[in-house]
Amino acid sequence: MPARPTHNSTQTPIQKRALATFLAAGLVLGSAGASAATAQQPAQPPAQPTTSQPEAEPAVPGFTARSIDTITAQFRKHGLATAPEKPAGALRLATYNIHELFDDVDDPDLTGRQEDIGRVMIESRRAATSHALRGINADIVALQEVESLEALEWYRDGNLADLGYTHAASVEVGHPLGLEQAVLSRYPIVATQTWTDRLIGTHPDLYRGKPNRYAGEPLTFRRSPLMAEIALIDDSESADLGIVPEAQRVTLLVVHFKTGEGSDAWRAAEGAAVAAILGELKADRPDRRVIVLGDFASGDAEGHLAPVLDAGLKDVFAASGTDRGSKDAVTSIEGDRACGILVGPGVTLAEGSTPFVVGTVVPPDQLDRRRGFRMPGFASDHYPVACDLAAPTD
């Protein structure tokens, strides 16, 4: 990822005191606190760090919703402080790049630079991300950067067990680190699909202005979209797509486009491929209600989303007349607007509702990326984005 720009260059006295408290706590957690935290945890295999692998961090005992709210109030830079109330009868949908949700179980398929031991999402981040999701209380949540279905269920059962997400999906999408797209839902997930081997073009001659060692080779998705078909009914046993009316089901395409400077051509190929997939899905069922959501890797001004928008989808912020230039519509700590929700024909926002972003902690300048991402209260480098959809009809 590109270097994080500076934030919070001028801090209030309260922010300075909060930062000082964290730095002091960090010294404890780095020494005696680590022993105390380790004593409270089950024994884990020894970490096998590589040059690209973060070190495991001890848990933060006693990390509560109140403490998260307190530090978020001091270090929130974008988005809303709390989610608005959901309109009666509406379906709340959220997307969240949760940033490298790894569990504490070794995946034997991940070795060397991709070794997952030591990448486990630390307790304070699990607390902060789940606190944000609890506040939104969405009926369906699309997640990006999830290690596996097992990691998703570990996180859900440990942090969101009482929110009713009885249905979960996370499918291999072809990423070398194993990071997948995933869905948590209160409604039955009746079908999933990915396109990991789909050819979407060829690698260009240049990458970041230099000769591309993969030039001319077949190009595939960096991370395939995850299609999740959801039946918006309460009875799982009746969730048969041959029985459930089209108006009571929805097709999600959860995406995470290729990131990084110089990847414009790759993203453009992915955008065109997603549009082609939309066409295929609609050809199968013309009345299919489709939503594309997730991390688009950059704003639509770059143009890679143009084919998707040309396929008839609309950005929910634009559809509601919300000012996308507002700081409340920023979707990451970097200040960009790369995450979002695009809805197709037949999908409408609930009357009187507006899409929203819930802001979380932005680490201050004094902390480098490694320490900032371990700051108590820090959730992810992206924020959750949500909207309320009109209730399905019979």
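Residues numbered from 1 in each chain as written. Predicted model: local features only at pLDDT ≥ 70, side-chain atom pairs only at ≥ 80, totals over all residues. Heavy atoms only, no water.

## Quick notes on the pattern of salt bridges
Summed over the entire model, instances satisfying the criterion amount to 15 salt bridges. Of the charged contacts in the structure, one is a salt bridge between Asp 284 and Arg 288, with a shortest N-O distance of 3.0 Å. Of the residues examined, Asp 284 reaches a relative accessible area of 52% and is grouped as exposed. Among the salt bridges present, the one from Asp 328 reaches Lys 327, with a minimum N-O distance of 3.5 Å. Among the charged side chains, a network of salt bridges with common partners joins Glu 229, Glu 246, Arg 249, Asp 284, Arg 285 and Arg 288. (Salt bridge = Lys/Arg side-chain N within 4 Å of Asp/Glu carboxyl O. Buried < 20%, exposed > 50% of the residue type's maximum accessible area, 1.4 Å probe, protein only.)

## Observations regarding unusual backbone geometry
The phi angle at Asn 137 is positive, at roughly 55°, despite the residue not being glycine. Here Asn 137 shows up in the loop between α4 (123-136) and β2 (140-146). (Helix = DSSP H or I, 4+ residues; strand = E, 2+ residues; numbered from the N terminus.)

## Digging into the sheet that holds strand β1 (residues 91-101)
Taking strand neighbours across the sheet as the criterion, the six strands line up as β3-β4-β2-β1-β16-β15 in an open arrangement whose pairing is mixed. The sheet is open, and its two borders are formed by β3 (167-171) and β15 (356-357), each paired with just one other strand. Of the strand pairs in this sheet, β2 and strand β4 (residues 180-185) are connected by six bridges, and their pairing is antiparallel. If you follow Leu 143 over to β4, its bridge partner there is Ala 182. Against the sheet, α4 touches β1, β2, β15 and β16 (385-389), its axis set at about 170° to β1. Taken strand by strand, helix α5 (residues 149-159) contacts β1, β2, β3 and β4, and its axis lies near 145° from that of β3. (Pairing = 2+ DSSP bridges. Contact = heavy atoms within 4.5 Å. Axes fitted to C-alpha atoms, helices over the stretch in contact; angles between N-to-C directions.)

## Notes on the packing of aromatic side chains
The tally for this structure, following the rule as stated, stands at two aromatic pairs. Taking 6.2 Å as the distance between ring centres and 70° as the angle between the ring planes, the aromatic pair formed by Phe 257 and Phe 296 counts as edge-to-face. Taken together, the residues Phe 257 in the loop between β11 (249-256) and α6 (264-284) and Phe 296 in the loop between β12 (290-295) and α7 (306-310) connect sequence positions 39 residues apart. Across the pair, exposure class does not vary: Phe 257 and Phe 296 are buried alike. Ring geometry for Phe 373 against Phe 378: centres 4.6 Å apart, planes inclined by 25°, an arrangement best described as stacked. (Phe/Tyr/Trp six-rings, centres within 6.5 Å; stacked < 30°, edge-to-face > 60°.)

## Some words on the nonpolar core
Counting 39 residues, the largest nonpolar core has Leu 93, Ile 140, Val 183, Ile 230, Leu 252, Ile 291 and Ile 341 as its most contacted members. Counting residues in hydrophobic clusters, the runner-up holds 24 residues, among them Ala 83, Ala 138, Leu 143 and Tyr 165. (Core = buried A, V, L, I, M, F, W, Y, C linked by side-chain atoms within 4.5 Å.)

## Here we look at α6
Taking 1.5 Å per residue as the helical rise, α6 with its 21 residues ought to reach 30 Å, and the 30 Å between its terminal C-alpha atoms agrees with that figure. For α6, the set of buried residues is Trp 266, Arg 267, Ala 269, Glu 270, Gly 271, Ala 273, Val 274, Ala 275, Ile 277, Leu 278 and Leu 281. Looking at the buried positions of α6, the neighbouring elements they touch are β9 (218-219), β11, β12 and α7. (Expected span 1.5 Å × (residues − 1).)

## Here we look at the environment of Ser 170
For Ser 170, the location among the structural elements is in strand β3. Ser 170 gets classed as buried once you look at its relative accessible area, which sits at 11%. Sequence separation between Ser 170 and Ala 182 is twelve residues; the distance between their C-alpha atoms is 4.2 Å. In this structure, Ser 170 is in contact with Val 146, Ser 148, Leu 149, Leu 152, Glu 180, Gln 181 and Ala 182, ignoring residues within four places of it in sequence. Side chain to side chain, Ser 170 and Glu 180 meet in a polar contact 2.6 Å long. (Polar contact = N/O pair within 3.5 Å; in protein donor to acceptor, adjacent residues only side chain to side chain.)

## Examining the sheet that holds strand β13 (residues 314-315)
Where strands meet in a sheet, backbone hydrogen bonds hold them as pairs that are either parallel or antiparallel. Spatial ordering of the open sheet is given by β5-β10-β11-β12-β14-β13, a layout of six strands whose pairing is mixed. A single partner strand is all that each edge strand has here, and the edge strands are β5 (189-194) and β13. Where β5 and strand β10 (residues 226-231) come together, five bridges link them in antiparallel fashion. Across the sheet, the residue bridging to Ala 191 is Glu 229, located in β10. Contacts from α6 reach β11 and β12 within the one sheet, and its direction differs from that of β11 by about 165°.

Remember, this is a structural readout, not a statement about activity or role.
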